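Analysis of the macromolecular model
Each chain, written out:
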Amino acid sequence: VQQLLFLFMSCALLAIGIGQVKYRRWARAWSVYWGWAALVCLGIVLAISFFAIGPMYKEMFSAMTKGMPSGAMPSGLTSGLGSLMGASMGIMYLIFYSPYPILMLLFFSKANVKQAMDR
């Protein structure tokens, strides 16, 4: 699901970028739409990371502890480690993927950009 979201948003951004280079009026409006859609998609990706990937890591670490010698990894560590993995992935997505949509929203909402992109 995450990869399909990224693929769709990347293809849309490519088309919008071509319109931006040509100063098309529709590209300015669609840049703003894309910025909001990207933030919504980022929210979906964060939810997947916290509520699906984190528990999967928990199950994986739990299965690993069953195959290890007794006492090699404390059983309480697996749930915390799984949650940490899901949360850290979500935070990394937020750090790396949120600045560009925010900048698109800020720059393409300005009046001077709206006036300049009139073709």
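Heads up: these notes are all about the structure in this document. (Residues numbered from 1 in each chain as written. Predicted model: local features only at pLDDT ≥ 70, side-chain atom pairs only at ≥ 80, totals over all residues. Heavy atoms only, no water.)

Some thoughts on the nonpolar core
Cut-off, in case you're wondering: Residue types Ala, Val, Leu, Ile, Met, Phe, Trp, Tyr and Cys, when buried and joined through side-chain atoms within 4.5 Å, form a set referred to as a nonpolar core. When a residue's accessible area, from a 1.4 Å probe over protein chains only, is under 20% of the maximum for its type it is buried; when over 50% it is exposed; and in between it is partly exposed. Per the convention used, a helix needs a DSSP run of H or I reaching at least four residues, while a strand needs a run of E reaching at least two, with both numbered from the N terminus. Working rule for contacts: check all heavy atoms of both residues, and any pair within 4.5 Å makes them a contact.
Grouped together as the largest cluster of nonpolar side chains are 16 residues, with contacts concentrated most on Met9, Trp34, Tyr93 and Phe108. Elements with a contribution of two residues or more to this core: helix H1 (2-21), helix H2 (25-67) and helix H4 (99-108). Non-local contacts of Phe108, meaning those with residues more than four positions away in its chain, are made with Gln20, Arg28, Ser31, Val32, Val113 and Met117.

Some details on unusual backbone geometry
One non-glycine residue, Tyr23, lies in the positive phi region at around 55 degrees. Here Tyr23 lies in the loop between H1 and H2.

Observations concerning H4
Think of an α-helix as 3.6 residues a turn; residues three or four steps apart then line up on the same face. Counted only if it meets this: The reported arc concerns the directions from the helix axis to the C-beta atoms and nothing else.
Considered for burial, the residues of H4 that qualify are Pro101, Met104, Leu105 and Phe108. Looking straight down H4, one finds its buried side chains confined to an arc of 95 degrees; they lie on one side.

Some points on a nonpolar patch on the surface
Short version of the rule: Residues enter a patch when their relative accessible area is above 30% and they make no salt bridge; the linking distance is 9 Å between like charges and 5 Å between nonpolar side chains (Val, Leu, Ile, Met, Phe, Trp, Tyr). In these tables, accessible area is a Shrake-Rupley quantity obtained with a 1.4 Å probe, and a residue counts as shielded only by the protein chains included in the view. For salt bridges, the criterion is a side-chain nitrogen of Lys or Arg within 4 Å of an Asp or Glu carboxyl oxygen.
Side chains of Phe50, Phe51, Ile91, Met92, Ile95, Phe96 and Tyr97 sit close together on the surface and give an oily, nonpolar patch of about 790 Å² of accessible area. Elements with a minimum of two residues in the nonpolar patch: H2 and helix H3 (75-97). By residue number, the principal contributor to the nonpolar patch is H3, which donates five residues. Residue position: Ile95 is located in helix H3.

Let's talk about the side chain of Ser31
Filter applied, for reference: Between N or O atoms, a polar contact is any pair within 3.5 Å; within protein, one atom must be a potential hydrogen donor and the other a potential acceptor, and residues adjacent in sequence are included only when both atoms are from side chains.
By secondary structure assignment, the location of Ser31 is in helix H2. With relative accessibility at 0%, the residue Ser31 sits in the buried group. A distance of 2.5 Å separates a polar atom in the side chain of Ser31 from a polar atom in the side chain of Gln20. Sequence-distant contacts of Ser31, defined by excluding residues within four places in its chain, comprise Ile16, Gln20, Met104 and Phe108.

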